[in-house]
Amino acid sequence: MLRVDLRELARAGAVETRGKLKQDDPALDGIDISLKEPVTVAGRLQSIGEGRFYWQGTARTVAQGECRRCLVPVATPVNLEIGALFTQDPEALEDPDSYAVAPDDLEIDVTPAVREELMLAAPRYVLCRDDCKGLCAQCGKDLNAGSCGCAPATEARWQPLKALKDKLSS
């Protein structure tokens, strides 16, 4: 469970958190990445003082995307180490890794911290491999499978320089 009852935390001093966020979980709406697997979350929430709680945890999943050069599907493992401060102190909220807890809250949900870290860490653009050649701009053939035989594309704006080069060569 990714929600911790503060009364249980007061009794135990620290509480283990474990859970999964499915790919279609409403908490993950708007992260702009496609997940191939659920997000597996594990961690420990502990009280660190008056109205302050620290969660140290991990989140693991696999992001699904397309190679930005050749459009082949690519799966990328995402492994996160997360540390987040949940606090009732408004001054501590200046820290980007801190989350507000209302004084009358009875539980802490660590899901917003997982969501934010996932948004920051998940790759937006991936390559199937570092030396991916991409697609031919003229015929669309995957150049990783071999050349397509299309003539090299020339742009009109380079023609004056080509003419100058030819003139200097002769």
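Bear in mind that the values here come from a model prediction, so they are computed numbers and not experimental data. Every chain is numbered on its own, with residues counted from 1 as its sequence reads. In keeping with the model being predicted, local features are shown solely for residues with a pLDDT of at least 70 and side-chain atom pairs are shown and tallied solely at 80 or more, while totals for entire chains, interfaces and linings include all residues. Hydrogens and waters are ignored; side-chain quantities use all the structure's heavy atoms.

K.L.:
Explain the overall build of the chain to me, please; I cannot follow it from the model alone.
P.N.:
The secondary structure listing takes helices from DSSP runs of H or I that are at least 4 residues long and strands from runs of E that are at least 2 residues long, numbered from the N terminus. Counting secondary structure elements, the chain contains three helices and eight strands. In the chain, the succession of helices and strands from N to C terminus is β-α-β-β-β-β-β-β-β-α-α. Taken over the C-alpha atoms alone, the chain extends approximately 90 × 35 × 20 Å along its principal axes. For the chain, the proportion of its 170 residues judged to be buried stands at 31%. The contact criterion used is simple: two residues touch if any of their non-hydrogen atoms lie within 4.5 Å. Considering only residue pairs separated by 6 or more positions, the chain has 51% of its internal contacts joining residues 24 or more positions apart. For the area figures, the Shrake-Rupley method with a 1.4 Å probe applies, and any residue is considered shielded solely by the protein chains shown. Accessible area for the chain stands at about 11000 Å²; split by element, carbon and sulfur atoms hold 51% of it. The convention is simple: Lys and Arg are positive, Asp and Glu are negative, and His and the chain ends are not counted. Charge positions are represented by NZ for Lys, CZ for Arg, CG for Asp and CD for Glu. Each charge class in the chain can be summarised by its mean position, and for the 21 positive and 27 negative side chains these summaries are 13 Å apart. Burial classes follow relative accessibility: with a 1.4 Å probe on protein chains only, a residue under 20% of its type's maximum area counts as buried, one over 50% as exposed, and anything between as partly exposed.

K.L.:
Sorry if this is basic, but what is going on with a nonpolar patch on the surface here?
P.N.:
Together, Trp158, Leu161, Leu164 and Leu168 give the surface a local cluster of nonpolar side chains, amounting to about 460 Å² of exposed area. In this fold, tryptophan 158 is placed in the loop between α2 (111-121) and α3 (159-169). Only residues whose relative accessible area exceeds 30% and that form no salt bridge are eligible for patches; like-charged ones are grouped when within 9 Å, while nonpolar side chains (Val, Leu, Ile, Met, Phe, Trp, Tyr) are grouped when within 5 Å. Any carboxyl oxygen of Asp or Glu within 4 Å of a side-chain nitrogen of Lys or Arg constitutes a salt bridge here.

K.L.:
Quick question: what am I supposed to make of the environment of glycine 134 here?
P.N.:
Relative to the elements of secondary structure, glycine 134 occurs in the loop between α2 and α3. When its relative accessible area of 3% is taken as the criterion, glycine 134 is described as buried. For the pair glycine 134 and arginine 69, spaced 65 residues apart in sequence, the C-alpha to C-alpha distance is 4.2 Å. Each residue touching glycine 134, except ones within four places of it in the same chain, is listed here: Arg69, Cys70, Lys141, Asp142, Leu143 and Asn144.

K.L.:
Before we go on, may I ask you to explain the packing of aromatic side chains in this structure?
P.N.:
Both the distance between ring centres and the angle between the ring planes are used here to describe each pair of aromatic rings. Note on ring pairs: Phe, Tyr and Trp rings are taken, using the six-membered ring of Trp, and paired if centres are within 6.5 Å. Classes follow the plane angle, with under 30 degrees stacked, over 60 edge-to-face and the rest tilted. One pass over the full model with this rule turns up one aromatic pair. The criterion for a charge sitting over a ring is simple: Lys NZ or Arg CZ within 6 Å of the ring centre, and within 35 degrees of the ring normal. Sitting over the ring of tyrosine 125, arginine 68 keeps its end group 4.3 Å from the ring centre.

K.L.:
I tried to follow the pattern of salt bridges on my own but got confused; where do I start?
P.N.:
The full count for this structure, using the stated rule, is seven salt bridges. Notably, a salt bridge pairs arginine 7 with aspartate 5, separated by 2.9 Å at the nearest N-O pair. By relative accessible area, which is 48% here, arginine 7 ends up partly exposed. When the shortest N-O distance is used, the salt bridge between glutamate 81 and arginine 60 registers 3.8 Å.

K.L.:
Which parts of the structure should I look at to understand the layout of surface pockets?
P.N.:
Roughly 190 Å³ of volume is contained in the largest pocket. In this analysis a 1.4 Å probe is tested at points of a 1 Å grid over the protein atoms alone, and where it fits but cannot get out there is a cavity; an open set with protein on both sides within 12 Å along at least five of seven lines is a pocket; lining residues have an atom within 4 Å of a point. As for the largest pocket, its lining consists of 14 residues, of which Gln64, Gly65, Glu66, Pro123 and Arg124 are closest to the centre. The dominant element in the lining of the largest pocket, judged by the number of residues it contributes, is strand β5 (residues 52-66), at four residues. Each residue gets one label: Ala, Val, Leu, Ile, Met, Phe, Trp, Tyr, Cys and Pro are nonpolar, Asp, Glu, Lys and Arg are charged, and the others, such as Gly, are polar. Looking at the lining of the largest pocket residue by residue, the class counts come to six nonpolar, four polar and four charged. Grid points are joined across faces, edges and corners, and a volume is the space filled by probe spheres set on the points.

K.L.:
Honestly, the pairing of strand β4 (residues 39-49) in this entry has me stumped. Any pointers?
P.N.:
Successive side chains on a regular strand alternate, one facing one side of the sheet and the next facing the other. The pairing criterion for strands is at least two bridges between them, as found by DSSP. Where strand β2 (residues 14-21) and β4 come together, eight bridges link them in antiparallel fashion. By the bridge assignment, valine 15 is partnered in β4 with leucine 45. Of the pairings in the sheet, the one linking β4 to β5 comprises nine bridges and is antiparallel in character. Looking across to β5, one finds that serine 47 is bridged to phenylalanine 53. Counted along the chain from β4 to the antiparallel partner β5, the turn is two residues long, and its residue glycine 51 has a positive phi close to 70°.

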